[in-house]
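For reference, the chains in residue letters:
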Amino acid sequence: MELKIQNVSMTYPSGKQALKGLNLDLKSPSLIGLLGPNGAGKSTLMKLLVAALQPTGGTILVDGTPLAKAEGKLKASLGYLPQDFGLFDELTVTQFLDYMAALKGLKNPKAAIREVVAAVNLEEKARAKIRTLSGGQRQRVGIAQALLGDPPFLIFDEPTVGLDPEERIHFRNLFSRTAEEHLVLLSTHIIEDVQSVCDQIVVIHHGTILFTGTPEQLIQSAAGHVGVFWEKDETLEQGLHITARVNTSQGIRCRAVADKLPPYAQSEEPSLEDAYLYLISREADQ
Ligand SMILES: Nc1ncnc2c1ncn2[C@@H]1O[C@H](COP(=O)(O)OP(=O)(O)OP(=O)(O)O)[C@@H](O)[C@H]1O
């Protein structure tokens, strides 16, 4: 499966331009992490990709066919976890998944439901009413319904919200395994979610794409722009973007990103988080 996003823009009826001339190729199999600050346009892009919104400019091609003509095919091969996912509180987990399986037209719903309930570790709650679940468990039901029927294209909008660290690791591994044969797109603010599993990262900010490439390429782009120093007085922080500030017994140790590091900063190898913050901070400085 291949999606081509060509010069896509989205302006809401309010006049807010959420996306500005985006170009992007998404090709199966791949696990693509969509990173960006609040309001960057991530959810808008995902809504366009699932045809929940129509772009106000540009074209989206699904295996070469314009989305407007390929909508049926796209929806039949799509699993989607939206950001604000409403659940049917009075249904049990299994009843809800059964309903979703019917909407998806699955031929063998019982086996498919068993499979996804196991994949998200919810066997113990399969008969529990959704209103009795914790936030993290509800999120897992949302992930389960997206996985139902093993669709070849999966979109998860902030899938790890509400999950504890152990669950987040479980889901990262699940997404990674799923992406061995599928196209998986996940949006997140959490760098660790993309760090260890995504083979491609797309950084979006103010409705434009700032970066596409591998995590290693993003890290490389910040080489020479990350440094640490002891904060002897506050003026040393001026003109720098401080990414960490640690109180130690010897004083305050600062980590910073900057276009040009000051002489008192000792250069450090960038992490993915440094590189992301460097990219966003450069944009903010312009
Ligand atoms: N229905 C809407 N009408 C008007 N403006 C909207 C609408 N939905 C989103 N926006 C605006 O479009 C911009 C992009 O929003 P979007 O939800 O796509 O960002 P996001 O990157 O998903 O942010 P977050 O991480 O906070 O969910 C924001 O400025 C937002 O306020």
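Further up the page is the structure itself.
Before going into details, it helps to say that this report is about the structure given with it. (Residues numbered from 1 in each chain as written. Predicted model: local features only at pLDDT ≥ 70, side-chain atom pairs only at ≥ 80, totals over all residues. Heavy atoms only, no water.)

Turning our attention to the sheet that holds strand β5 (residues 65-66). Ordered in space as β2-β1-β4-β5, the four strands form an open sheet in which the pairing is antiparallel. Single-partner strands in this sheet number two, and they are β2 (17-27) and β5. Sheet analysis places strand β1 (residues 2-11) next to strand β4 (residues 57-62), joined by five bridges and oriented antiparallel. Pairing of Lys4 across the sheet is with Leu61, part of β4. In this fold helix α1 (residues 42-49) packs onto β1, β2 and β4, with an angle of close to 60 degrees to the strand it touches most, β2. (Pairing = 2+ DSSP bridges. Helix = DSSP H or I, 4+ residues; strand = E, 2+ residues; numbered from the N terminus. Contact = heavy atoms within 4.5 Å. Axes fitted to C-alpha atoms, helices over the stretch in contact; angles between N-to-C directions.)

Within this structure, the stated rule accounts for 15 salt bridges. Between Arg172 and Asp193 there is a salt bridge, with its nearest N and O atoms 3.4 Å apart. Residue Arg172 is located in helix α6 (residues 165-178), and its partner Asp193 is located in helix α7 (residues 191-195); the two are separated by 21 residues in the primary sequence. Side by side, Arg172 and Asp193 carry an identical accessibility label, which is buried. Between Arg255 and Asp274 there is a salt bridge whose closest N-O contact spans 2.6 Å. Pair noted here: Arg255 is in strand β13 (residues 251-257) and Asp274 is in helix α9 (residues 272-285), with a separation of 19 residues, a long-range link. Comparing Arg255 with Asp274 shows no difference in burial state: the two are buried. Bridged by salt links that share partners, the residues Glu2, Lys4 and Asp25 form one connected network. (Salt bridge = Lys/Arg side-chain N within 4 Å of Asp/Glu carboxyl O. Buried < 20%, exposed > 50% of the residue type's maximum accessible area, 1.4 Å probe, protein only.)

Near the ligand you find 15 residues, and of these Asn38, Gly39, Lys42, Ser43 and Thr44 are the closest. Taking Tyr12, its side chain carries an N or O atom lying 3.4 Å from a nitrogen atom of the ligand. Within the side chain of His189, one N or O atom sits 3.1 Å away from an oxygen atom of the ligand. In the complex, 67% of the free accessible area of the ligand, which totals 640 Å², lies under the protein chains. Sort the elements by how many residues they give to the shell around the ligand and α1 lands first, with three residues. When grouped by side-chain class, the residues that make up the shell around the ligand number four nonpolar, eight polar and three charged. (Near = heavy atom within 4 Å. Polar contact = N/O pair within 3.5 Å; in protein donor to acceptor, adjacent residues only side chain to side chain. Areas by Shrake-Rupley, 256 points an atom, 1.4 Å probe, with all protein chains shown as cover. Nonpolar A, V, L, I, M, F, W, Y, C, P; charged D, E, K, R; others polar.)

Counted at 1.5 Å a residue, the expected span for helix α3 (residues 93-104) with its twelve residues is 16 Å, and the 16 Å between its end C-alpha atoms agrees. Of all the residues in α3, the buried ones are Val93, Phe96, Leu97, Met100 and Ala101. In a view along the axis of α3, the buried residues occupy a sector of 140 degrees, so they form one face of it. Contacts made by the buried residues of α3 are with α4 (109-119) and α5 (135-147). (Expected span 1.5 Å × (residues − 1). Arc of directions from axis to C-beta.)

Further remarks concern the sheet that holds strand β10 (residues 208-213). Sheet architecture is open: six strands sit in the order β6-β7-β8-β3-β9-β10, paired in mixed fashion. The sheet terminates laterally at β6 (78-81) and β10, the two strands that pair on one side only. With strand direction ignored, the average angle separating the axes of adjacent strands in the sheet is 15 degrees. When strand β7 (residues 153-157) meets strand β8 (residues 183-188), the two strands line up parallel, connected through five bridges. The residue of β8 that forms the bridge with Phe153 is Leu183. Where α1 meets the sheet, it contacts β3 (30-35), β6, β7, β8 and β9 (200-205), and its direction lies at approximately 150 degrees from that of β8.

Another point: a nonpolar patch on the surface. Taken together, the side chains of Phe88, Tyr99 and Leu103 present a nonpolar region at the surface, about 310 Å² in accessible area. Here Tyr99 lies in helix α3. Given the relative accessible area of 38%, Tyr99 is considered partly exposed. (Patch = residues over 30% accessible without salt bridge, like charges linked within 9 Å, V, L, I, M, F, W, Y side chains within 5 Å.)

Note that all results are geometric; they support no functional claim without further evidence.
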